[in-house]
Every structure is written in structure tokens, then in C-alpha cells.
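# Summary of the model geometry
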Amino acid sequence: MCVVAKGATHRSAPIPEEGRWVRAREIKDISGLTHGIGWCAPQQGACKLTLNVKDGIIQEALVETLGCSGMTHSAAMASEILPGKTLLEALNTDLVCDAINTAMRELFLQIVYGRTQSAFSEGGLVIGASLEDLGKGIRSQVGTMFGTLAKGPRYLEMAEGYCTRMALDADNEVIGYEFVHMGKFMDMIKKGIDANEALEKAKGTYGRFAEAAKYIDPRKQ
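Residues numbered from 1 in each chain as written. Predicted model: local features only at pLDDT ≥ 70, side-chain atom pairs only at ≥ 80, totals over all residues. Heavy atoms only, no water.

## A look at the environment of Q59
With respect to the helices and strands, Q59 occurs in strand β5 (residues 57-66). The class of Q59 is partly exposed, set by a relative accessible area of 35%. The spatial distance from the C-alpha of Q59 to the C-alpha of T86 is 9.3 Å, given a sequence separation of 27 residues. Those residues within four positions of Q59 in sequence are excluded, and the remaining contacts are N52, K54, P83 and I127. (Helix = DSSP H or I, 4+ residues; strand = E, 2+ residues; numbered from the N terminus. Buried < 20%, exposed > 50% of the residue type's maximum accessible area, 1.4 Å probe, protein only. Contact = heavy atoms within 4.5 Å.)

Pasting the structure below:
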């Protein structure tokens, strides 16, 4: 057998990382902040995972879950497990819940291919940056809607908060809604403001709420 020399030297393609172009060869060459979505095998719940990675090591983890009560406890454990681990360690660590593990897999692919939110941000994002996605109330943005053929739609929760009333026009079509911003509500309660007063101050409306012909409680069928 004749040995044929390898003449070509094809280097790895550079990937964008925190305002730099990096030819990644080792896990410590990887940095960036990004999000990933995961789901469990029976698809009864989902997880949005946000990681901030510096030099291959996870510095910050935001774990948001939906649809499964047990998943919230898994998220609590994952928030302890993830920081301090390298990307490879995290990929091969049981993060307690299938949805979180799947999110970790999807997020790993984004990060190592340079598809991060901070790819072109010089120096990347500071630790704690992912909390800004939650807004001042530090609550996940959740939308919960329910609809039936017999009764139509019910708005239960919007990004703005917990829906208390839906506004309908003369044709019984939705034209707006009232909500309670739960983060603001709890902040006022912690400051000692009376609960009823806090509830009123934390309310807001969307759409043509004031023009409604009638209002309904979305939680009453």
C-alpha cells in the first residue's frame, strides 16, 4: 500500500462570536448568548432555555417552562446544574427533564455554528442580560388562550399579564381586553400597598376596551 501525502490544508470556517471571527478548535473557543426551545417525548410541555457562554463555560442560564407542573421543579434543578459547566458537559448531563435536555441540544447547535444573539455584539452580553427578556416584572411572557365552538375564544393570559375582562362590540366580537400586570402587582404588595389598591394600579387595557358594548369574564363559561 502506497501512502499518499495529504496536500490540502482546509481550515475550519470562521464563525462569528461576540464581534469577532473565530476558528473554533476546542470548546474554550466558543462564546455567545442565545436561546433554544425543547420539548418532552409525550409533548405535554416545552422549555425555552437561554445560555450565556464565555470561553466555553456557561456563565448564566435562564430556564422557562410551560405546560407541565413537574417541569417547573426540573427547571429549578437545571438552573443550579448549568452554570459553571462547559458546553460539552451540559450536553451530556441529565438536566432532569426531557424538554430541558432537548433545548440544550438545540441551543448547543446554534452556539457552535455561530448562530447566537450576540454573534456581532463586541464583547458579547454581560451576565444577567437574559433577565432583560423578562421585562421589569421579571416574569416569562406567556400567552394562554382557550376556545370552543359553542362559546368562542377566551383570553386567559397575554404578554401584558393575567386577563380579567374581555371587551366585546355589538356583534359580540372581541375588540380589547383588560389585564393585571402580575409583576407590578406583587411589587406593590411587597411595598405594603393594600391588595385592592395594588390590583387597580396594576391593571391596564389593550385595544378599544373603552368602546365595548359589554364585558365578559374569560374564566366564566
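## Some points on the sheet that holds strand β4 (residues 46-54)
Two strands in a sheet stick together by hydrogen bonds in their backbones, pointing the same way (parallel) or opposite ways (antiparallel). An order of β3-β4-β5 is seen for the three strands of this open sheet, with the pairing classed as antiparallel. Of all strands in the sheet, those bounded by a partner on one side alone are β3 (32-39) and β5. Strand after strand, the sheet turns through a mean of 15° between neighbouring axes, direction not considered. With eight bridges joining them, β3 and β4 adopt antiparallel strand pairing. (Pairing = 2+ DSSP bridges. Axes fitted to C-alpha atoms, helices over the stretch in contact; angles between N-to-C directions.)

## Description of the packing of aromatic side chains
Tallied over the entire structure, the rule returns five aromatic pairs. Their ring planes at 80° and their centres at 5.9 Å tell us that Y155 and Y177 sit as a pair that is edge-to-face. In this pair, Y155 is assigned in strand β7 (residues 152-158) and Y177 in strand β9 (residues 174-180), connecting sequence segments 22 residues apart. Aromatic side chains Y177 and Y206 sit 5.3 Å apart centroid to centroid with 25° between the ring planes, which places their arrangement in the stacked category. Of this pair, Y177 sits in strand β9 while Y206 sits in strand β10 (residues 203-207), and the two are 29 residues apart along the sequence. (Phe/Tyr/Trp six-rings, centres within 6.5 Å; stacked < 30°, edge-to-face > 60°.)

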